[in-house]
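One letter stands for each residue in the lines below.
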Amino acid sequence: ELYFEALCPYCHAFINGGLTDASKMDGIENMLDLKLIPYGNARELATPEGEYTYTCQHGPAECDGNRMLVRGEHMNYRQMLLTYRCARDAKCSEGA
């Protein structure tokens, strides 16, 4: 499992660098069982009403990005990489 933050520059560098390069290797699906989890350095606080609020290291926009990306939990890691890059960089074409 890889926990990452939607707006973290270090996560961005790793995901768009080494992880993306590795994901292009032939047969990687047979060697790697990876789940990307958009949560990272977030804090969860229960309210007296039983609801939860979240604070993210890089601000409210990151929490919004994490919430959007968590909807892709059912995706395999290649699909999640494309979705992440689309959300982060507005590169939404296939293979971007």
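Located above this text is the structure these notes cover.
Residue indices follow the written sequence of each chain, beginning from 1 at its first position. Selection of residues for local features in this predicted model requires a pLDDT of at least 70, selection of side-chain atom pairs for listing and counting requires 80 or more, and totals for whole chains, interfaces and linings are taken over all residues. Computation of side-chain values: all heavy atoms of the structure, hydrogens and water removed.

Colleague: Sorry, what's going on with the overall build of the chain here?
Modeller: The way it works is that DSSP assigns letters per residue, a run of H or I at least four long becomes a helix, a run of E at least two long becomes a strand, and they are numbered from the N terminus. Helix and strand counts for the chain stand at 4 helices and 4 strands. Ordered by position from the N terminus, the helices and strands of the chain form the series β-α-α-β-β-β-α-α. The principal-axis extents of the C-alpha atoms in the chain amount to approximately 50 × 25 × 20 Å. In the chain, which comprises 96 residues, the proportion classed as buried is 32%. Lys and Arg are tallied as positive, Asp and Glu as negative. Neither His nor the chain termini are counted. To locate a charge, the coordinates of NZ of Lys, CZ of Arg, CG of Asp or CD of Glu are taken. For the chain, the distance from the average site of its 9 positive side-chain charges to the average site of its 14 negative ones is 5 Å. Three labels apply to residues, based on accessible area from a 1.4 Å probe with only protein chains included: buried if under 20% of the type maximum, exposed if over 50%, partly exposed otherwise in between.

Colleague: Teacher, can you tell me more about helix H1 (residues 9-23) here?
Modeller: Residue pairs three or four apart in sequence face the same way in an α-helix, which turns once every 3.6 residues. In a helix, the anticipated span is given by 1.5 Å times the number of residues less one. A rise of 1.5 Å per residue sets the reference length of H1, with its 15 residues, at 21 Å; its end C-alpha atoms lie 20 Å apart and thus fit the reference within 8%. If you look at H1, its biggest bend is around 30°, right at Ile15. Every buried residue belonging to H1 is among Cys11, His12, Ile15, Gly17, Leu19, Thr20 and Ser23, and all of these are buried. Two axes enter the bend calculation: one fitted to the seven residues ending at the residue in question, the other to the seven starting there, and the bend is the angle between them.

Colleague: Please clarify how the side chain of Thr20 should be interpreted in this entry.
Modeller: Structurally, the position occupied by Thr20 is in helix H1. Throughout, a contact is declared for two residues whenever any of their heavy atoms are within 4.5 Å. Each residue touching Thr20, except ones within four places of it in the same chain, is listed here: Ile15, Leu81 and Arg85.

Colleague: Even after reading the chapter, I still don't get empty space enclosed by the protein, so can you show me in this structure?
Modeller: Unfilled space is identified by rolling a water-sized probe across the atoms. Buriedness of a pocket was judged along seven lines, with at least five required to meet protein on both sides within 12 Å; pockets are open sets of points on a 1 Å grid over the protein atoms alone, cavities are sets where a 1.4 Å probe fits but cannot get out, and lining residues have an atom within 4 Å of a point. Grid points are joined across faces, edges and corners, and a volume is the space filled by probe spheres set on the points. Under the defined criterion, the tally for this structure stands at 1 cavity of 30 Å³ or more. Approximately 40 Å³ is the volume attributed to the largest cavity. What lines the largest cavity is simply Leu34, Lys35, Leu36, Gly72, Glu73, Met75, Asn76, Tyr77 and Met80. Taken together, the residues of the lining of the largest cavity break down into 5 nonpolar, 2 polar and 2 charged. The residue classification treats Ala, Val, Leu, Ile, Met, Phe, Trp, Tyr, Cys and Pro as nonpolar and Asp, Glu, Lys and Arg as charged. All others, Gly included, are polar.

Colleague: Before we go on, may I ask you to explain the nonpolar core in this structure?
Modeller: Buried together is how nonpolar side chains tend to be arranged in soluble globular proteins. Take the buried Ala, Val, Leu, Ile, Met, Phe, Trp, Tyr and Cys residues and link them wherever side-chain atoms come within 4.5 Å; each set so joined is a nonpolar core. Counting residues in hydrophobic clusters, the biggest one holds 15 residues, and the most contacted among them are Phe4, Ile15, Leu19 and Leu36. Among the secondary structure elements, those contributing two or more residues to this core are strand E1 (2-4), H1 and helix H4 (77-89). Here the element with the most residues in this core is H4; it accounts for 4 residues. Leu36 has contacts with Leu2, Phe4, Leu19, Tyr77, Met80 and Leu81, leaving out every residue within four places of it along the chain.

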